[in-house]
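# Geometric and topological summary
Chain residues, written in single-letter form:
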Amino acid sequence: MKAINKSCDSFRKFMESDSYYIDKTMILKAYLSDSSDTAILFARPRRFGKSLTMTMFRDFLDIRQDSKEIFKGLKIMECQDIVDKYMNQYPVVYLSLKEVFGDSFEIVFRNFQVAISTICDEMEDLLDCAEIGRFNKARFEKLGNLAAEKPDTEQAIALFCRMLRQKYGKPAYVIIDEYDVPIAKALGTEHYDKTRDMIEHMLSYVCKTNDDVQAVLLTGCMYTVKNSAYTGVNNIIPYSVLSPKYASMIGFTEEDVKKLLKDACLEDHFDTVEEWYDGYLFGRDKMYCPWDVLRYVSSILDGTYSEKKGPQSYWLNTSEVSLKLIRGFFGKTAGVNEKFEQLLAGKTIDCVVNEYLTYHDIHENGDNLWSALVETGYLTKAVEEDMNLMPLRIPSRSVQLAFRLEVWGFFKDKVENACVTDLINALWAGETNRAEGALNQILEAMLSFYHEYHEYSYHLILDGFFTGMGYHVLSELETGYGRSDLIIKDPARQRSMILELKHEKEEKNMKAALKEASSQIIKKKYESSLKYEGYAQRFQFAMAFCDKKSLIAPVANQ
């Protein structure tokens, strides 16, 4: 099997390195055969192959390249009409904005200037073209020297297209990868409005009617420029994760995954891959995250995979924007917290999904949060067809772990790690009085977190604590004759713990609630699955809560 290249996002370099490639070239035919939309956005979460797709478009179309060799043997070469009409037949302007961000607008703008200057360097031969006038050449040189003012820098892509048309006699394709990264990175900062204005202004020059532009292709996570003051931006047609069109063409289908596993002689790993990395519904198609699947397969092939540790959430921490979104909502309304716990328990939540959501509107209400998490890959729809009220769920074990660790990331800023460690160590030691004291101290420190307490409030807190400390946490898992609130498993597979939680509005009822939780653990035989799995140490605890107070009681194994 060819080597798996997990990080290269340049199609030409990828193919010239003779790396293993899942053929996704038919997106070229799908778009070019019906290119009536002059400005489109492929909206996908991070790590789904957007950049590789966009460089593939660039290398296929670019008149300045000879790309027959790198596309040799791929499916698109069977479409002779498309090859004859488009392959290396058009000038292309390619811009990536994934590195355009910073702590101030001055830094953001400077990074934007650098990205533009890089294009000037690649097209320096335009200065030798007699058909291009001296004023355009002078503006071009200023851009290349990082000396252009903001208005000229925002119009740079339009200038490049004009100069390319003057040289080649054809309008240019404009390809902008990760167009929304500058806007997303600026979310919550003082320079958000200036950054968004700069990006929208740049897009408007090329997305509105422009004889120098054949078409504009964008990638990003969200269609965040809808209803812009710049009219050209409103011409962009988004193909989001909800759109059936192009749904299976960015990312891995189940067929792609099975082929990869077969080629790697790892067919027997399909169930694990499906459990951990499957679960997305794009349009009507079931999809896998390529980053996760490739990293998992590669770890087995190169010997770095740990059977003891098991599969990993490689997608974790690839989107700091989503982290901001989640933490921005924690503790603000009881409804949001409850829905987080429902999701972590493997349930669905019903929400109205807005695929035209802008970043600055995200925190207006809870529904906007869920819409943003769908677009950024933390959630997916649970039904094939679009509905006004859409059932949403966490896609996979990989993303569920990412969710749990984001919860822990929020909580650890609120309490001392020593308190959490003391709580967990006391529970493993069976020292309920010490555990109770540590938990009460934690609850007191988190006084401002909830407006009103419910059972899921404590559930979410404990879930986050154990996950953050590296334990395998199962929420409301069917076991014995019912569903236990939390099952905690030691990564070493020696120790396990069952926690059954009860909440009371009045403190006088806490002891009765504790007895009820203890009785439930015993009667419903919650420990039976752990006994069957061979866990030598099985701890069981009943917990009762009322506001900032807790009671903990051990439950004897049966």
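Residues numbered from 1 in each chain as written. Predicted model: local features only at pLDDT ≥ 70, side-chain atom pairs only at ≥ 80, totals over all residues. Heavy atoms only, no water.

Before going further, it helps to spend a moment on the overall build of the chain. Counting secondary structure elements, the chain contains 23 helices and 16 strands. Expected size for 558 residues packed as a compact globule is a radius of gyration near 24 Å; at 27 Å, the chain falls within 12% of this value. Of all 558 residues assigned to the chain, the portion counted as buried reaches 57%. Taking all contacts inside the chain whose residues are at least 6 apart in sequence as the whole, residues at least 24 apart take part in 72%. Summed over its atoms, the accessible surface of the chain is roughly 23400 Å², and 47% of this surface lies on carbon and sulfur atoms. Where the 69 positive side-chain charges of the chain centre and where its 83 negative ones centre are 1 Å apart. (Helix = DSSP H or I, 4+ residues; strand = E, 2+ residues; numbered from the N terminus. Rg over C-alpha atoms; globule rule 2.2 N^0.38 Å. Buried < 20%, exposed > 50% of the residue type's maximum accessible area, 1.4 Å probe, protein only. Contact = heavy atoms within 4.5 Å. Areas by Shrake-Rupley, 256 points an atom, 1.4 Å probe, with all protein chains shown as cover. Lys, Arg positive; Asp, Glu negative; His and termini not counted. Charge placed at Lys NZ, Arg CZ, Asp CG, Glu CD.)

On to the nonpolar core. Within the largest apolar cluster, 86 residues are counted, with the highest numbers of intra-cluster contacts made by Phe57, Phe60, Phe71, Tyr173, Leu217 and Trp370. Looking at which element gives the most residues to this core, the answer is helix 3 (residues 50-61), with six residues. Core analysis: the second largest hydrophobic core is formed by 59 residues, Ala43, Ala172, Ile199 and Ile362 among them. (Core = buried A, V, L, I, M, F, W, Y, C linked by side-chain atoms within 4.5 Å.)

Between its first and last C-alpha atoms helix 20 (residues 432-445) spans 20 Å; for 14 residues at 1.5 Å apiece the expected length is 20 Å, and the two agree. Every buried residue of helix 20 is accounted for by Thr432, Ala435, Glu436, Ala438, Leu439, Ile442 and Leu443. The buried residues of helix 20 occupy an angular sector of 165° when the element is viewed end-on, so they sit on one face. (Expected span 1.5 Å × (residues − 1). Arc of directions from axis to C-beta.)

Let's shift gears to the sheet that holds strand 6 (residues 252-253). In space, the three strands of this open sheet follow the order 6-8-7, with antiparallel pairing throughout. With partners counted over all chains shown, the strands left at the sheet margins are strand 6 and strand 7 (280-282), one partner each. Pairing analysis gives three bridges linking strand 7 to strand 8 (residues 285-288), with the strands arranged antiparallel. Within strand 8, the residue paired with Phe282 across the bridge is Asp285. (Pairing = 2+ DSSP bridges.)

Another point: the packing of helix 13 (residues 270-277) against helix 14 (residues 290-301). Running from N to C, helix 13 and helix 14 point in directions that differ by 145°, and their axes come no closer than 10 Å. Viewed along their axes, helix 13 and helix 14 form a crossing whose handedness is right-handed. Of the residues in helix 14, those in contact with Thr272, Val273 and Tyr277 of helix 13 are Asp292, Val293 and Tyr296. (Axes fitted to C-alpha atoms, helices over the stretch in contact; angles between N-to-C directions. Left-handed = near helix turned anticlockwise from the far one by under 90°.)

A word on the layout of surface pockets. Roughly 740 Å³ of volume is contained in the second largest pocket. In terms of lining, the second largest pocket is formed by 31 residues, of which the most central are Trp276, Lys309, Pro311, Arg397 and His472. Looking at the lining of the second largest pocket, the elements with two or more residues in it are helix 13, helix 18 (397-411), helix 21 (455-468) and strand 12 (472-479). Here the element with the most residues in the lining of the second largest pocket is helix 18; it accounts for five residues. Partitioning the lining of the second largest pocket into residue classes produces eleven nonpolar, ten polar and ten charged. (1 Å grid on protein atoms, 1.4 Å probe; cavity = no way out; pocket = protein on both sides within 12 Å on 5 of 7 lines; lining within 4 Å. Points joined across faces, edges and corners; volume = space filled by probe spheres on them. Nonpolar A, V, L, I, M, F, W, Y, C, P; charged D, E, K, R; others polar.)

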